[in-house]
Number of protein chains: 4
Amino acid sequence: MLNIGVIGYGYWGPNMVRNFAEASGSHVEMVSDLNRQRLELVHSRYPGIRVTMDHRELLHDPKVDAVVIATPVSTHFPLAMEALKAGKHVLVEKPMTAVSEEAYKLIEEAEQRNLTLMVDHTFVYMGAVRKIKQLMDAGELGEIYYYDSTRVNLGLFQYDVNVLFDLAVHDLAIMEFLLDGLKPEAVSAAGKSHVVGRPEDIAYLTLFFNSPFIAHISVNWLSPVKVRQTLIGGSKKMIVFNDLEPNEKVKVYDAGITVNDSQDKIYQTMVEYRMGDIWVPQFDRTEALKVEAALFIKCVKEGLTPDTDGEAGLRVVSILEAANKSLAEQGKMIYL
Amino acid sequence: MLNIGVIGYGYWGPNMVRNFAEASGSHVEMVSDLNRQRLELVHSRYPGIRVTMDHRELLHDPKVDAVVIATPVSTHFPLAMEALKAGKHVLVEKPMTAVSEEAYKLIEEAEQRNLTLMVDHTFVYMGAVRKIKQLMDAGELGEIYYYDSTRVNLGLFQYDVNVLFDLAVHDLAIMEFLLDGLKPEAVSAAGKSHVVGRPEDIAYLTLFFNSPFIAHISVNWLSPVKVRQTLIGGSKKMIVFNDLEPNEKVKVYDAGITVNDSQDKIYQTMVEYRMGDIWVPQFDRTEALKVEAALFIKCVKEGLTPDTDGEAGLRVVSILEAANKSLAEQGKMIYL
Amino acid sequence: MLNIGVIGYGYWGPNMVRNFAEASGSHVEMVSDLNRQRLELVHSRYPGIRVTMDHRELLHDPKVDAVVIATPVSTHFPLAMEALKAGKHVLVEKPMTAVSEEAYKLIEEAEQRNLTLMVDHTFVYMGAVRKIKQLMDAGELGEIYYYDSTRVNLGLFQYDVNVLFDLAVHDLAIMEFLLDGLKPEAVSAAGKSHVVGRPEDIAYLTLFFNSPFIAHISVNWLSPVKVRQTLIGGSKKMIVFNDLEPNEKVKVYDAGITVNDSQDKIYQTMVEYRMGDIWVPQFDRTEALKVEAALFIKCVKEGLTPDTDGEAGLRVVSILEAANKSLAEQGKMIYL
Amino acid sequence: MLNIGVIGYGYWGPNMVRNFAEASGSHVEMVSDLNRQRLELVHSRYPGIRVTMDHRELLHDPKVDAVVIATPVSTHFPLAMEALKAGKHVLVEKPMTAVSEEAYKLIEEAEQRNLTLMVDHTFVYMGAVRKIKQLMDAGELGEIYYYDSTRVNLGLFQYDVNVLFDLAVHDLAIMEFLLDGLKPEAVSAAGKSHVVGRPEDIAYLTLFFNSPFIAHISVNWLSPVKVRQTLIGGSKKMIVFNDLEPNEKVKVYDAGITVNDSQDKIYQTMVEYRMGDIWVPQFDRTEALKVEAALFIKCVKEGLTPDTDGEAGLRVVSILEAANKSLAEQGKMIYL
């Protein structure tokens, strides 16, 4: 039985507590939060879980084996480092840290102490994303041409990070998983803030690779409609991943272009397109966080490396870091 | 009765011929095309219209008062210039020319000869776009924060221009109209080609302004799904323009953000959003090209300046030209 | 503080327990169920609630003031009657009883004992339905022409009742509320069973009134897609209520027909239609069951009559009863 | 070359003229209509086609080989009979006639004279419907459980027939084709008129068979939204045919129910459902009327029997006739 301590019971923490409370193999020992009312909520829901306003109490409790960090981004590094130094395994919310330097240090610390360090790239554990990965690994899509994602809604503004850190991070984590490591040559990001003194609420991020592949992510906290649509185009087939569709999240299109030696060059083109059947595969509908919690428990117990380890977290943070530099210079290309 | 000659009977030419044939106040006198079969098609549909494979015959026919040019972009300039020099009024398909230098010359020539020069920015004559303009002019949206458009589909590749010239041009023309002149400070464009020797089939264009306003256009000939969605966000209201919706093309959202002095800074933010009613206004459903044809006839007859005159065409071409420069340098910011 | 006992912790019971546990003014004292595992689930979630496999223990517990019955339809009558006889106020799931005779008896018993008897017509407490009621009461729709509802999905078959009792009951409850009492002249129902020994899994119910108004309900447990769409047509405006739409559940169409004295009788008609703006009003998004729980508590405490009292429940049951007769005779008209 | 005469140039006639004008193997010789302006429209579009206000001129013109009848339903019989008697082959719009007696007589007359008699059940020639037929014939759906169709919109009222004759006729024609002949045991129809002196504008038609199969058709000229959705449920798979979907008209669901011997009878049921992949097959996108026109020409030339011959037309008319009887008696079951 792995004893878990959860730091932060705000937006995401309750999901962490619920999943580790219900997982076989783990037990939630303690929850800390700076807000007393939130701790009362924990108590009313889970009378058996101890609560504290002092996270150090949790981090240094000998009964706690592993710590889940569900706090604002800027606090990820100090909390995770303190947890590792206290000998605890760590699962930290995305993005792993605010800057790559911090991510490096956490990886080193965890390695030296032989502790599990996992990043909560939740989408990686979603059945839809794993189905897409499976199709891509089987070569169904052919050569991958592009990844184009739109994540917009009228959203709660974060106070410490911009919209890229809040929303684009999901796509970076998904690509990191789908492409077996996300290593662009360069990135360019542009965006704007519309509230004085606040970070960017609209941003566009382009990732350039040493290949015809291109990735683009559009994020926006000021959209009146919610869109969660990702297009993945390949030379053989194409995928639309729409996370808002209840029953058709993943659609596989047997569609693409073919070269055609037409001579009627004035009006037609030699490139034609074909549109075949569409296929909507079913996939495992288990809650992503449940899958993730089970994997974290297993990795800790068996000393395995999770899909979303510190290295994966670092690669995502490095890109966000470069994106922020580009944002500050209005879209200047930043090489990685 | 204005006698019209139409050059080009490929994709768009037939719509031009049909609209000018049915318009009161105009008569289609002659159609030219390089392809004999297309001319036979004209003849079978309109036995009264003369046809020719030599556009010069049309340009120099004394019965022809005005010339409509519906040919590939690279031919717009020489054909339009020849027409103006022959004393004909000109309506030229979008984009007006391949480069801004050519657009300047056409404007000059038309002015010197006192001829009407109009650019076929079709969307500007669509009821939906005119309704949006009316709402914006009335201040319904408040300060405009962003214009974000997605135009993707599995498309016919153009042989002489990239996807920006084919699809993004629509958004530039719409913005040019909505904003009473499109004058960004700088643009940045990124894209890729996936067919050897062909222009970019995917591209992203960002327009920067000397204000919090930002514009972004995502275009793609390799998408398995067709999307034509434009979000226009303002401080008071927001609009979604979805051209594929049969009955709800324009939706007005009484939605936005408000600043909130909450002190619970750890988990919440001081910026909150509000979501009110949605309103789907009806508007004039007349075919845009019919409205445009009527306006062209009226402008020629009364010596008026059309909404989409040479200057509007030039501003759009200037931005495409800058976008192409940026594309060639992988997203480098190009100042206008 | 009203002490609540809940009988049945299957599909709907947990929602009842949660809402009465969280309501101010009530406390869940005890839950009974025939299944031990379900009671263990109650215990793990709410350590403070007593559980029992014997509903009589609950019904006769002096601490229990009111009983919520969330069990299969056939048990509603005996449980509710026993509860009333034990002096408890009663909130019973829809439909109130299996036959109207039973509903009558419950009403009488509650009246004699001066106890609150409320039926869980949940939809009546949904913000969307209350908004529609408000629009209808204000005369926005004009004369009401029809109510046409489709509720289909691949559904869990009930073992004791057919698909009308499971799904059409919602529409009857909604109409009962919207029309201030549902009093059709006659009903006709047709349907089929596709599993041997099981009740009808597809059914169509038509309600005839002494007016041009007509109501029709289509329900189906064998549909591959889920549909929850209700059209309400009036002489002035029309409403589409789509419960699956996250943000546009209620749409008001300024649409209808007008009589036109055209003389061209061969091809045209004298009846024309008009299609104006669409309006998507916002409404209270509070969970319906939360509103309902608060009302039940208030009615008990202040001796008020709830919107969905025994009489409302009875009218709905009477129609279901007539519908079942019609079903047995393949659509024969049954007068009420 | 088959010389065609078309009677009626109202709503549907222009499509007939266009398709027979463009078909290889036919030539449109003459068009008749009672309205002079419509004939002028024919002339402006097709200067080579002769026009007349007297249909007898057309019917007795020796150059005309075959007659297409696109006039109001009540005139189908006299016009088709006169055409057959004049020795012309006949293609008549749906429904074939107003009553079955008339359909019988036309079949007899055509047989005696050895003339082709075809009914314009357009949907039967649509690629989507032919794809569904192919899947059903291959046994993909298993035993067919139900056909459930909704055809509603804010529609032009017909002056001589009710909404069943206008809209439900499409579903009867589709079923007639899919089921290799539509032979219900009985029908029941209910509906209402909301304009004084006009036929029913809302109607519901149920078809009963000597099997678990049931068919239901909901039609409405007073709906603010347009719906064209048909569900076809089978024991193995289910189909949704949505004619308004541009790219996903036919969806095949690998979904259904399975019997499960669970003992937990209180809350669960022994019938469970399964939901597998969804498949969206492509199919021939040729305009249905083009396919139909080609078949009519071929049948006339080679003496073949079309898919939608007089017998098919008769079966559809017989059901409409019975439906009208049922409508008049408020849903009374009418046996066929």
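Residues numbered from 1 in each chain as written. Chains lettered and ligands numbered in written order. Predicted model: local features only at pLDDT ≥ 70, side-chain atom pairs only at ≥ 80, totals over all residues. Heavy atoms only, no water.

### Considerations on the relation of the copies chain C and chain D
Rotating chain C by 180° and moving it 0.0 Å along the rotation axis overlays it on chain D with an RMSD of 0.0 Å. Read as a symmetry element, the transformation amounts to a two-fold axis. Residues of chain C ranked by C-alpha distance from the rotation axis are headed by lysine 332 of chain C, positioned 3.2 Å from it. (Least-squares fit on C-alpha atoms with pLDDT ≥ 70 in both.)

### Some points on the sheet that holds strand β4 (residues 66–69) of chain C
Residues and elements named next belong to chain C. Pairing is parallel in the open sheet, where 6 strands are placed in the order β3-β2-β1-β4-β5-β6. Edge positions in the sheet fall to β3 (50–52) and β6 (117–120), since each of these pairs with one other strand and no more. Across the sheet, the axes of successive neighbouring strands diverge by a mean angle of 20°, strand direction being ignored. Here 4 bridges tie strand β5 (residues 89–93) to β6, and the two strands are oriented parallel to one another. Pairing of glutamate 93 across the sheet is with aspartate 120, part of β6. Helix-sheet contacts for helix α8 (residues 288–302) involve β1 (2–7), β2 (26–32), β4, β5 and β6, and the interaxial angle to β6 is about 175°. (Pairing = 2+ DSSP bridges. Helix = DSSP H or I, 4+ residues; strand = E, 2+ residues; numbered from the N terminus. Axes fitted to C-alpha atoms, helices over the stretch in contact; angles between N-to-C directions. Contact = heavy atoms within 4.5 Å.)

### Observations concerning the packing of aromatic side chains
All chains considered together, the criterion is met by 12 aromatic pairs over all chains. With 6.3 Å between their ring centres and 25° between their planes, tyrosine 11 of chain A and tryptophan 12 of chain A make a pair best called stacked. Consider the rings of phenylalanine 20 of chain D and phenylalanine 296 of chain D, whose centres lie 6.0 Å apart with planes at 80°: the pair is edge-to-face. Separated by 276 residues along the polypeptide, phenylalanine 20 of chain D in helix α1 (residues 13–22) and phenylalanine 296 of chain D in helix α8 (residues 288–302) bring together distant segments of the chain. The same class applies to phenylalanine 20 of chain D as to phenylalanine 296 of chain D, namely buried. Here the guanidinium or amino end of arginine 151 of chain A rests over the ring plane of phenylalanine 123 of chain A, the centre of that ring lying 4.7 Å away. A cation sits over an aromatic face here: lysine 133 of chain B above phenylalanine 177 of chain B, 5.4 Å from the ring centre. (Phe/Tyr/Trp six-rings, centres within 6.5 Å; stacked < 30°, edge-to-face > 60°. Buried < 20%, exposed > 50% of the residue type's maximum accessible area, 1.4 Å probe, protein only. Lys NZ or Arg CZ within 6 Å of the ring centre and 35° of its normal.)

### Quick word on the side chain of aspartate 309 of chain D
Residues and elements named next belong to chain D. Tracing the backbone shows aspartate 309 in the loop between α8 and α9 (310–328). Although aspartate 309 lies buried, it forms no salt bridge, and the closest oppositely charged side chain, arginine 315, sits 5.2 Å away as judged by the N-O distance. For aspartate 309, the side chain forms a polar contact with the main-chain nitrogen of alanine 312, separated by 3.0 Å. Leaving out residues up to four positions away in the same chain, aspartate 309 has contacts with Leu117 and Val119. (Lys, Arg positive; Asp, Glu negative; His and termini not counted. Salt bridge = Lys/Arg side-chain N within 4 Å of Asp/Glu carboxyl O. Polar contact = N/O pair within 3.5 Å; in protein donor to acceptor, adjacent residues only side chain to side chain.)

### Some details on the packing of helix α1 (residues 13–22) of chain B against helix α8 (residues 288–302) of chain B
All names here are of chain B. Two elements in contact, α1 and α8, have axes whose closest approach is 9 Å; the angle formed by their N-to-C orientations is 60°. Considered as vectors, α1 and α8 are oriented oblique to each other. Here α1 and α8 pass one another in a crossing that is right-handed. When α1 is examined against α8, the residues Asn15, Met16, Asn19 and Phe20 are found in contact with a partner set consisting of Leu289, Lys290, Glu292, Ala293, Phe296 and Ile297. (Parallel < 35°, antiparallel > 145°, perpendicular 65-115°, else oblique. Left-handed = near helix turned anticlockwise from the far one by under 90°.)

Everything listed here is a matter of coordinates, which is why it stays silent on function.
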